[in-house]
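Remarks on the overall topology
Listed below, chain by chain, are the residues.
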Amino acid sequence: MGLLSRLFGSGNDTDSESKDVSGPEPDIVIDSPLDKEFIQGEFRGERVTFSSVPSPNGEWRCLYGRTGMNDGAPIVLVRGDGEVQHAFAVTRAENVAVANTGHVVVTDIGEADNQDLAGTLNVVAPDGQPIIEYEFDANIWECSITEDGQYASTATYNPDRSVYIFDIESEELITEFETPNLNGPSQEFGEIDGELVLYLFDGDERYRAIDLDGNTVWKSQKLENQDRIDELLDSSERADLQESIELLEEAYELTDDENRKKSIANQLADAHWKLSKEIHKEEGDTDAWWAHLNQAKQYYYEIVSWYDGKKGVAKVERKQAKYHLKEGDEETALQLLQSISELEEEHDVQLLTDADKEKIENLS
């Protein structure tokens, strides 16, 4: 990863080699109003498009160039009066946040051609002094800082998938929280009942809040549903078939994730199929047996794009065709077997057995 480096000091820095920037800084030229999201300018003779991030109280603004230059990606802290406070560079800045105190947090995602999993979280004091430079063996993206500059955070991507909170005063990592359902989420510090929390986002929506000890203190409705779905699916594995179907149906109604809904539909189809077999074995051709066959077929059709779905539809329609043949309804039996044949042709997969083909030929 690139090493954080100071480009020049603050106006009240006593280092004899640092540059006094209490007046206009000749290395930085800003061509746009500071209150814009993107600002055009120059840094040491090179054109830069800065992203501009204000502190919550508006007394500070941090400008950062995402593109690496000869001296890296410049990070410039500007005071409310428009004067440059200090600047430093990282290899490649992705996200920046600035506190009301002037503390700056930056995620440095490293060289563009680096294929290794890596990232560095940098926290820099208002006087330009580095406080934290924490290197990860994982990719990072978003970061956050409290308004009072006491805590900072970032989050990692696969395979680590965790959120990290740092105490800026002690310069220590104080919390690591695994986020298996979120991949490098954005974060935002806030309060719940007067206590500091870190909100984790799923897209643009708050998903979960944790305290500084890593305890979950708030969940979104989506997360509440997700936890309930997990609970239902876990319980369904230990329940009898009838209860399992009821639990799976509740989980199916709760989920709005398409892939998970299909997975639950697959489980429901299998459960209805198995229950139909049990009923048939104990009671024969009852209405309940037929109803569970139809339910199984309905759910298998929901996943007909999967092989399990096509195979499931075929075995149910084969069973129904057998019943109609026994009842002497050859026309309906033929329609069901031809339905399997059409499904086979549509998806270019073998579903008909030799016995099916023989029956189709004899009934046609």
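Below, the structure is looked at part by part. (Residues numbered from 1 in each chain as written. Predicted model: local features only at pLDDT ≥ 70, side-chain atom pairs only at ≥ 80, totals over all residues. Heavy atoms only, no water.)

**Description of the packing of helix H2 (residues 241-254) against helix H3 (residues 258-283)**
Closest axis-to-axis distance for the H2/H3 pair is 9 Å, and the angle between their directions is 160°. The angle between H2 and H3 falls in the class roughly antiparallel. Here H2 and H3 pass one another in a crossing that is left-handed. Here Leu241, Gln242, Ile245, Leu248, Glu249, Ala251, Tyr252 and Glu253 of H2 come into contact with H3, specifically with Lys261, Ile264, Ala265, Gln267, Leu268, Ala271, His272, Lys274, Leu275 and Glu278. (Axes fitted to C-alpha atoms, helices over the stretch in contact; angles between N-to-C directions. Helix = DSSP H or I, 4+ residues; strand = E, 2+ residues; numbered from the N terminus. Parallel < 35°, antiparallel > 145°, perpendicular 65-115°, else oblique. Left-handed = near helix turned anticlockwise from the far one by under 90°. Contact = heavy atoms within 4.5 Å.)

**Examining the pattern of salt bridges**
Per the counting criterion, the structure on display carries 14 salt bridges. In this structure, Arg318 and Asp356 form a salt bridge, with 2.9 Å as the shortest nitrogen-oxygen distance. Taken as a pair, Arg318 in helix H5 (residues 307-326) and Asp356 in helix H7 (residues 354-363) lie far apart in primary sequence, 38 residues in all. You can call Arg318 partly exposed: its relative accessible area is 24%. Where salt bridges share partners, they join Asp31, Glu42 and Arg47 into one cluster. (Salt bridge = Lys/Arg side-chain N within 4 Å of Asp/Glu carboxyl O. Buried < 20%, exposed > 50% of the residue type's maximum accessible area, 1.4 Å probe, protein only.)

**Digging into H3**
For H3, which comprises 26 residues, the first-to-last C-alpha distance of 36 Å matches the rise-based estimate of 38 Å (1.5 Å per residue) to within 8%. For H3, every residue scored as buried is listed here: Lys262, Ile264, Ala265, Asn266, Leu268, Ala269, Ala271, His272, Trp273, Leu275, Ser276 and Ile279. Against the buried residues of H3 lie helix H1 (221-236), H2, helix H4 (287-302) and H5. Residue Gly284 follows H3 closely and has a positive phi angle near 85°. (Expected span 1.5 Å × (residues − 1).)

**A few points about the layout of surface pockets**
There is about 450 Å³ of room inside the largest pocket. Taken together, 23 residues make up the lining of the largest pocket; nearest its centre are Ser144, Ile145, Thr146, Glu188 and Phe189. Of all elements in the fold, only strand S4 (46-54), strand S8 (93-98), strand S12 (140-145) and strand S16 (187-192) reach the threshold of two or more residues within the lining of the largest pocket. Here the lining of the largest pocket takes five residues from S16, the largest share from any one element. For the lining of the largest pocket, the per-class residue count stands at 12 nonpolar, six polar and five charged. Lining the second largest pocket, in full, are Asn181, Asp202, Tyr207, Lys222, Asn225, Gln226, Ile229, Leu254, Thr255, Asp256 and Asp257. The element that contributes the greatest number of residues to the lining of the second largest pocket is H1, accounting for four residues. Partitioned by chemical class, the residues of the lining of the second largest pocket number three nonpolar, four polar and four charged. (1 Å grid on protein atoms, 1.4 Å probe; cavity = no way out; pocket = protein on both sides within 12 Å on 5 of 7 lines; lining within 4 Å. Points joined across faces, edges and corners; volume = space filled by probe spheres on them. Nonpolar A, V, L, I, M, F, W, Y, C, P; charged D, E, K, R; others polar.)

**Quick word on the packing of aromatic side chains**
Tallying each qualifying case throughout the model produces 10 aromatic pairs. A centroid spacing of 5.6 Å and a plane angle of 80° characterise the contact between Tyr252 and Tyr299, whose relative ring orientation is edge-to-face. Of this pair, Tyr252 sits in helix H2 while Tyr299 sits in helix H4, and the two are 47 residues apart along the sequence. Given a relative accessible area of 10%, Tyr252 falls into the buried group. Aromatic rings pair up to connect Tyr134, Phe136, Tyr164 and Phe166 into one cluster. Across from the ring centre of Tyr252, 4.2 Å away, lies the NZ or CZ of Lys261, which sits over that ring. (Phe/Tyr/Trp six-rings, centres within 6.5 Å; stacked < 30°, edge-to-face > 60°. Lys NZ or Arg CZ within 6 Å of the ring centre and 35° of its normal.)

**Remarks on the pairing of strand S19 (residues 216-219)**
Bridging between strand S18 (residues 205-210) and S19 involves three bridges; their strand directions are antiparallel. The residue of S19 that forms the bridge with Arg208 is Lys219. In this structure, the hairpin formed by S18 and S19 is closed by a connection of five residues, where Gly214 is found at a positive phi of approximately 85°. (Pairing = 2+ DSSP bridges.)

**Details of the environment of Asn114**
Checked against the element boundaries, Asn114 lands in the loop between strand S9 (104-108) and strand S10 (119-124). It is 61 Å that separates the C-alpha atoms of Asn114 and Ile360, two residues lying 246 residues apart in sequence.

Coordinates in, geometry out; function isn't part of it.
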